[in-house]
Structure formats: structure tokens, C-alpha cells
Amino acid sequence: MEILQIIKGLDIGGDSGGAELFGIKLARELNKMPNINVLICAFYSVGTETEKIWLENLNKEGINTFFISEWGGYNNINKFVKGIHHLISSISDIHLDVCHSHFQLGTLACVILKFLKYSKTAYRTSHIRKEWNQGKWTWALSPIFMKRIFPNYLDGEIGVSKAVCNYLINRRPGKLNKSKIHLIYNGIDVKQFREKSQQPLPKSDLLLLNQSKHNIGCVGRLTEQKGYPYIIEAMSELIQSIPDAKLHIAGDGELKADLEKKVVDLNLEDHIKFLGLKNNIAALMRHWDLFVLPSLWEGFPTVIMESMLSGVPVIASNIPGTNELVVHQETGLLVPPKDSKALANCIVNIFNQDSLRNNLAENAKIHVLQFSMENIAQTYHKLYIKHLMN
């Protein structure tokens, strides 16, 4: 079976995030299966060192990975058309059985490949309900693609949570073929993550961690979605009760300067550290005492699964998708989104209750195993086989 996975890019942690990382993990697991060959098309290159490392490593692993265009801004038609030409040229000699996308314009590419008979089937995974970024043509293109082209021409649309699946079903109530909508949760490579978590930390990281007995971690792109202003504001109140509390934010993004200014304005420089992009998150995470994800919207956040596997208790926003993974008072704690005071109070409470913190962490370590990437990839494989046989 020849499978093409299309992702936005390889600048993981920067311009690219969880959807792209999931596409890579899925490709890796599928590629381990007998009689399957997987290719990865990273649609846009942004020219960073991070993407060069990913490109080199994936090709070394035996997964043919390639770029087809350069980033030119959201929904840049010229760059998209250039990418389609390069994509067809790259796969024209390969008889694809499956073309599978993990972002909106990549899905259009899948539809084109199927229409031109370069692929037998076409799928997309919807990783989040708010899929379309603001761009020149978004207002016109998104309704056409989402409500008409994608449902009619794709063999299947996969939602990573019940909330995402409901969003897909309700695009055109009563007119969609619900049998094309499939719930397959995000997954985590359990073995690989555990191995990486045992890697030693550099002295600089250890020195920073040793400054506090209340280390709080956040991981994700510095964007509006992740709700960082609310955890920063919460820290201002938290240190009144827990003076040595430290917040470690790993990631990069467009709001970095604004968030750094907010930290300075609140005189929190001694309590909040921006770590930038880190390639040792698994090792770093197991040294944290608490993980917080104050997002405003999510699909099915991988970073929470990583925290659970690390044995780190989780506090997260009570939003669709996240609240399917975090069971309140059982595998973590949920707080209202955009509520800094509630978040601060929740952090104080969990730090004051060792038994609660330990119980949540132990329950979560067991709970997360059902989302192993091996199991998730098997589910995708069964879906592909089902449609190819039909």
C-alpha cells in the first residue's frame, strides 16, 4: 500500500504544531507495518533549522519526505498552485492508494490528486474546530471547501475528538453522509516518549528547576489559541500564596514580544521564564511539578497526553476536546477558560493537597495508555483497507 501524508510543514514548535507532529507520528507507525510505504509531503518550507533537522531525520528513517513550495502567507494562491505542480511531479510515477491530509489546503491537494486519479482514495484529519486562519481568501474559500467540496469528494473525514466530529457533522445538518465522519483520537508514541524522558538535562535547565519546589510547565506555540495571558495573570496572584512558584513556557510564536512585555509589566521576570523551542521536552517535563494548558480552543491536545505519561498532574481549560481527555477530579483538573483567578486558586489547591496531586497523576498514567500511537495507527489502517476493498 502506497500512502501519502500531507502536512503543512516541518517547523515543529514554531510555524507548525500538533497537527503536523501527529501526521509525522502516524506516518512512522504506518511505515512499520508490512507491505506499506509511506511518503510525507511537507507543503510549505519556512527555511528554519528545525525543519532541516526534521527533513534529514525522516529521510534517514526511510520515510521519503519532501517540500513542494515556500511559505507565502495564509492562503497564498500562487504558492499553492506552485506546490500542486511540484506535488504531481513528485508522485506521478507512484500509484498512490491513500492520500491523507492534516491541514485545510493539503486537503484540497488530496481532492485534486484523487480527481486526477493520482490516488485511489482521499482523507483528511480535522485536528481542531477552528481550522481556518485569517487570510485574503478565507471568507470566500472556507465555506465552499468545508461544506461542499470536502464532504462530497473525500472518502473519509476524521475528527480527533467528539467535539471535532460534532463540528464536522453540523456543517450542513441533514445533508452530510455521517458514515464518512470517523472519530479517531490523537495518539502518543509511548515507547519513544518514555525513552526521551530519561535523557539527562543540561546543567542550565537543572539550575533553573532547582530554584523552586513548585515548577509549573506550559508547552505550545505562543499564539492566541494557547491562552498564555491568563496563566501569566494567574502567576501574579499565585506568588502571593506560593512565593517560589516558577512558570516555564516552552515554545515560540507571534505573540512572544507581547507576552514578554506582559511579564515585565507585572514584575514577574523572576517567576516566569520563556524557554523558546526545546528539543528535550520529554526529559524536561518529568521534572515539573505541574502542567497547565490554559488554551481557548483545542482538538485533542497531545501535550496533555505527554504530561500524563510523565506522571505530571494536569490543570487545563474546560473546553471541548480537552475535557474528553482530562476527566475532572480523576485524571486532572479543569477550570473555566479565560479565568485567571480560578486558575490561580486551582493551582494553589493542588499544591496544597499532595494526595490529590499524586492520585491524579497515577490515574492519568493509566488512562493515557489507551491512546498509544500504535493503536491509533492500526485504526487508521483498518479505515484505509475498508475503503480500498470497497
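Refer to the structure above for everything that follows.
Within each chain, residues carry numbers counting from 1 in the order of the written sequence. In view of the model being predicted, local features appear only for residues whose pLDDT reaches at least 70, and side-chain atom pairs are presented and counted only at 80 or more, with totals across whole chains, interfaces and linings using the full set of residues. Just so you know, side-chain values use all the structure's heavy atoms and leave hydrogens and water out.

1. Here we look at the packing of aromatic side chains
Right, on to step 1. Only Phe, Tyr and Trp rings are paired, with Trp represented by its six-membered ring, and only when their centres lie within 6.5 Å; those with planes under 30 degrees apart are stacked, over 60 edge-to-face, the remainder tilted. Inspection of the entire model under this criterion finds twelve aromatic pairs.
Right, on to step 2. Between Tyr44 and Phe103, the aromatic rings sit 6.4 Å apart at their centres with planes inclined by 70°, giving edge-to-face as the arrangement. Of the two residues, Tyr44 is situated in strand β2 (residues 37-45) and Phe103 in the loop between β4 (96-101) and α4 (104-115); the sequence distance between them amounts to 59 residues. Per residue, the accessibility class of Tyr44 equals that of Phe103, and both read buried.
Right, on to step 3. When the ring of Phe300 is compared with that of Phe371, the centres are 5.2 Å apart and the planes differ by 65°; the resulting orientation is edge-to-face. Of this pair, Phe300 sits in the loop between β11 (290-293) and α12 (302-310) while Phe371 is found in the loop between α15 (354-367) and α16 (373-389), placing the two residues 71 residues apart along the sequence.
Right, on to step 4. Phe371 gets classed as buried once you look at its relative accessible area, which sits at 4%. Helix numbers and strand numbers start at the N terminus; a helix is a DSSP run of H or I with at least 4 residues, a strand a run of E with at least 2. Buried means the residue's accessible area, taken with a 1.4 Å probe over protein chains only, is under 20% of the maximum for its type, while exposed means over 50%, and partly exposed covers the values in between.

2. Some words on the sheet that holds β11
Right, on to step 1. Two strands form a pair only when DSSP identifies at least two bridges running between them. On the basis of which strands lie adjacent, the open sheet formed by six strands has the order β10-β9-β8-β11-β12-β13 and parallel pairing. Each edge of the open sheet carries a strand with a single partner, namely β10 (272-276) and β13 (333-335). The average angle at which neighbouring strand axes cross in this sheet is 25°, direction not considered.
Right, on to step 2. Pairing of β11 with strand β12 (residues 314-317) involves three bridges; the strand directions are parallel. The axes used here are C-alpha line fits, helices contributing only the stretch in contact, and every angle between their N-to-C directions lies in the interval 0 to 180 degrees.

3. Observations regarding the pairing of strand β6 (residues 156-159)
Right, on to step 1. Going residue by residue along β6, you find Gly156 and Ile158 tucked away on one face and Glu157 and Gly159 tucked away on the opposite face as well.
Right, on to step 2. Strand direction decides the pairing type here: strand β5 (residues 119-126) and β6, joined by four bridges, are parallel. Each residue of the ladder has a partner; that of Tyr123, found in β6, is Gly156.
Right, on to step 3. By the bridge criterion, three bridges tie β6 to strand β7 (residues 181-183) in an arrangement that is parallel. Paired with Glu157 across the two strands is Ile181, which belongs to β7.

4. Quick word on helix α6 (residues 162-169)
Right, on to step 1. Buried residues of α6: Ala163, Val164, Cys165 and Leu168, and no others.
Right, on to step 2. Of the surrounding elements, those touching the buried residues of α6 are β5, β6, β7 and α13 (322-325). Two residues qualify as a contact provided that any one of their heavy atoms is within 4.5 Å of a heavy atom in the partner residue.

5. A word on the nonpolar core
Right, on to step 1. The set of buried Ala, Val, Leu, Ile, Met, Phe, Trp, Tyr and Cys residues whose side-chain atoms join them within 4.5 Å is what this entry labels a nonpolar core. With 36 residues, the main nonpolar core has Val219, Met285, Phe291, Ile304 and Met308 as its most contacted residues.
Right, on to step 2. Counting residues per element, the ones that place at least two in this core are α6, α7 (190-197), α11 (281-285), β11, α12 and β12.
Right, on to step 3. Excluding residues within four positions of it along the chain, Met285 makes contact with Phe193, Val219, Phe291, Val303, Glu306, Ser307, Ser310 and Val312.
Right, on to step 4. Ranked by size, the runner-up nonpolar core spans 32 residues in total, among them Leu222, Ile231, Met235 and Leu360.

6. A word on a nonpolar patch on the surface
Right, on to step 1. A surface patch of nonpolar side chains, amounting to about 350 Å² of accessible area, comprises Phe115, Leu116 and Tyr153.
Right, on to step 2. Looking at where Phe115 falls in the secondary structure, it is placed in helix α4.
Right, on to step 3. The class for Phe115 is exposed, based on a relative accessible area of 63%. Surface patches are defined over residues having more than 30% relative accessible area and no salt bridge, joining like charges when they lie within 9 Å and nonpolar side chains (Val, Leu, Ile, Met, Phe, Trp, Tyr) when within 5 Å. Only the protein chains shown count as covering a residue, and every accessible area follows the Shrake-Rupley method with a 1.4 Å probe. Any carboxyl oxygen of Asp or Glu that lies within 4 Å of a side-chain nitrogen of Lys or Arg is treated as forming a salt bridge with it.

7. Some words on the pairing of strand β3 (residues 64-70)
Right, on to step 1. Pairing of β2 with β3, which is carried by six bridges, proceeds in the parallel orientation. Residue Leu39 lies in a different strand from β3, and its bridge partner there is Asn64.
Right, on to step 2. Handedness of the crossover is the feature at issue here: the chain leaves β2, passes through helix α2 (residues 49-60), returns alongside β3, and the resulting connection is right-handed. Handedness of a crossover: with both strands directed away from the viewer, a clockwise path from the first strand across the helix to the second marks it as right-handed.

8. Focus: the state of the cysteines
Right, on to step 1. What counts as a disulfide here is a pair of cysteine sulfur atoms lying within 2.5 Å. Taken as a whole, this structure holds zero disulfides when the rule is applied.
Right, on to step 2. In this structure Cys165 is not part of a disulfide, and its nearest cysteine sulfur, from Cys110, lies 18 Å away.

9. Details of the sheet that holds β5
Right, on to step 1. What the seven strands build is an open sheet, ordered β3-β2-β1-β4-β5-β6-β7; its pairing is parallel. Every interior strand has two partners, whereas the edge strands, β3 and β7, have only one. Across the sheet, the mean angle from the axis of one strand to that of its neighbour is 25°, orientation sign disregarded.
Right, on to step 2. Across the sheet, helix α1 (residues 18-31) touches β1 (2-7), β2 and β4, and the angle it forms with β1 is around 165°.
Right, on to step 3. With respect to the sheet, α2 is in contact with β2 and β3, its orientation differing from that of β3 by roughly 145°.

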